[in-house]
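Observations on the three-dimensional arrangement
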Amino acid sequence: MAGGKIRKEKPKAASNNYQGGISFHKSKGQHILKNPLLVDSIVQKAGIKSTDVILEIGPGTGNLTKKLLEAGKQVIAVELDSRMVLELQRRFQGTPLSNRLTVIQGDVLKTELPRFDICVANIPYQISSPLTFKLLFHPTSFRCAVIMYQREFAMRLVAQPGDNLYCRLSVNTQLYARVSHLLKVGKNNFRPPPKVDSSVVRIEPRKPQPQVNKKEWDGFLRVCFIRKNKTLGAIFRQKSVVSMLEKNFKTLQAVLASLNGGSPGEAAMMDVVGEQSMVGMEDDDNEMDDDDMEMDEGQEGGEFKEKVMNVLKEGGFEEKRSSKLSQQEFLYLLSLFNKSGIHFS
């Protein structure tokens with residue numbers, strides 16, 4: 001307009017959600033590591049050998065992948081997003097590293113994983129629990145996994161008895177692996193930055209694996225951690241708990257009667273070393289804080305309730321709390337229950 005001011009348009013700032021023309025979706029957990037010093041540190045702490053086959057989950061655009069290819073023998077990258085798969089192939093095509101990279105497109109939770117020596121991954125945080133246990137129960141042994149987790153989840157993995165974050169996830173994971181915290185990672189090391197800080201954790205599967213029935217162990221811990229700060233005596237007096245255990249007990253007695261000559265002790269041994277199922281182990285969201293749930297104590301099942309209480313008293317567990325118990329104490333208490341014919345699955 002004549003005599004008017006010409007308004008200059010401000011140049012739009014480059015979006016923090018793009019790299020190489022690819023947009024990242026926070027809703028899918030796509031947060032790409034952009035700090036090269038952090039990438040180097042992760043690779044160094046992973047202790048990769050030149051002969052290692054490395055599994056990478058969620059490689060994104062390949063910033064970490066490049067360093068892994070330089071350090072190991074082969075990288076097998078599992079990526080769900082077809083755009084990222086094309087970017088990875090484009091990035092390494094025609095380079096000496098391309099022959100050592102295998103890309104599998106698919107959902108890692110539904111993919112049959114190949115043999116590998118070490119896993120290094122910056123994963124979508126929403127799959128943290130199921131992926132951790134998928135790796136721990138991988139049919140072929142591997143040396144370790146070095147994984148980026150949301151900070152609070154990482155601290156729950158490494159928590160010890162008495163820590164505020166000590167929970168069923170802590171006990172379950174540490175039964176099957178040695179877990180250690182390696183690095184704290186601020187949100188600004190990612191593009192786009194997530195809402196929370198992160199941590200890198202090292203997970204080393206125990207060898208040999210503990211000989212426990214996974215369903216029995218998990219069912220037992222689910223009861224113990226209904227309210228981790230209440231005494232075990234208070235938890236095991238609940239009508240719902242006593243009813244569940246009594247039902248399991250009667251089922252076991254019926255099975256033994258049909259076998260003509262079995263014993264509760266033999267059945268307990270079958271349960272301890274039985275079928276290795278991982279159903280439900282990754283779900284850690286059902287623990288209750290002390291104010292979350294009313295206790296349902298009652299007078300029902302008096303005789304069987306006394307049997308349960310006697311087990312707790314025998315081991316000196318009646319006044320103890322799950323938040324303070326060590327892994328060995330949990331294993332011992334489960335063995336006492338099983339010897340009495342009391343089962344959790």
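See the structure printed just above.
Residues numbered from 1 in each chain as written. Predicted model: local features only at pLDDT ≥ 70, side-chain atom pairs only at ≥ 80, totals over all residues. Heavy atoms only, no water.

1. Points about the sheet that holds strand β4 (residues 53-57)
Threshold: DSSP-based pairing: two strands are paired if at least 2 bridges between them are found. For the purposes of this entry, the term helix denotes a DSSP run of H or I that reaches at least four residues, the term strand denotes a run of E that reaches at least two, and both are numbered from the N terminus. Here the axes come from fitting lines to C-alpha atoms, over the contacting stretch only for helices, and the angles between their N-to-C directions go from 0 to 180 degrees. What makes two residues a contact is simply this: any of their non-hydrogen atoms within 4.5 Å.
Reading across from one edge, β6-β5-β4-β7-β8-β11-β9 is the order of the 7 strands in this open sheet, with mixed pairing throughout. At either end of the open sheet lies a strand with only one pairing partner, and these are β6 (101-105) and β9 (177-185). The mean inter-strand angle of the sheet, taken between neighbouring strand axes irrespective of direction, is 20°. As defined by bridge partners, β4 adjoins strand β7 (residues 118-122) across 2 bridges and the pair is classed as parallel. Within β7, the position partnered with Ile 54 by the bridge is Ile 118. Along the sheet, helix α5 (residues 151-158) contacts β8 (144-150), β9 and β11 (198-205); its crossing angle with β8, the most-contacted strand, is approximately 135°.

2. Some thoughts on the pairing of β8
The condition that has to hold: Note on classification: 1.4 Å probe, protein chains only; a residue is buried when its accessible area is under 20% of the maximum for its type, exposed when over 50%, partly exposed between these limits. By convention a crossover is right-handed if, when the strands point away from the viewer, the path from the first strand over the helix to the second runs clockwise.
Taken across its 7 residues, β8 has 6 buried, putting it largely inside the fold. Taken together, β7, helix α4 (residues 128-136) and β8 form a β-α-β motif whose crossover is right-handed. Sheet topology places β8 next to β11; 6 bridges connect them, and they run antiparallel. Its bridge partner being in β11, Tyr 149 is matched across the sheet by Ser 199.

3. So, the packing of aromatic side chains
Selection rule: Whether two aromatic rings pair depends on their centres lying within 6.5 Å, for rings of Phe, Tyr and Trp, where Trp uses its six-membered ring; planes under 30 degrees apart make the pair stacked, over 60 edge-to-face, and the rest tilted.
Tallied over the entire structure, the rule returns 15 aromatic pairs. A centroid spacing of 6.2 Å and a plane angle of 90° characterise the contact between Phe 236 and Phe 344, whose relative ring orientation is edge-to-face. Of this pair, Phe 236 sits in helix α8 (residues 232-236) while Phe 344 sits in the segment after α12 (327-339), and the two are 108 residues apart along the sequence. One exposure class covers both Phe 236 and Phe 344, and it is buried. Summarising the aromatic geometry, the rings of Phe 337 and Phe 344 are spaced 5.3 Å apart at their centres and angled 80° between planes, so their arrangement reads as edge-to-face. Linked through ring pairs, Tyr 166, Trp 217, Phe 220, Phe 225, Phe 236, Phe 330, Phe 337 and Phe 344 together constitute an aromatic cluster.

4. Details of unusual backbone geometry
Cis peptide bonds are those with omega within 30 degrees of zero, and the linkage from Lys 207 to Pro 208 qualifies with 0°. Mapped onto the elements of the fold, Pro 208 is located in the loop between β11 and α7 (214-224).

5. Brief notes about the pattern of salt bridges
Going by this rule: A carboxyl oxygen of Asp or Glu within 4 Å of a side-chain nitrogen of Lys or Arg is what we treat as a salt bridge.
All told, the structure shown has 12 salt bridges when counted by the stated rule. In this structure, Asp 81 engages Arg 83 in a salt bridge whose closest nitrogen and oxygen atoms are separated by 2.7 Å. What makes Asp 81 buried here is its relative accessible area of 11%. Assessed through its relative accessible area of 28%, Arg 83 is described here as partly exposed. Overlapping salt bridges bring together Arg 168, Asp 218 and Arg 222 as one network.

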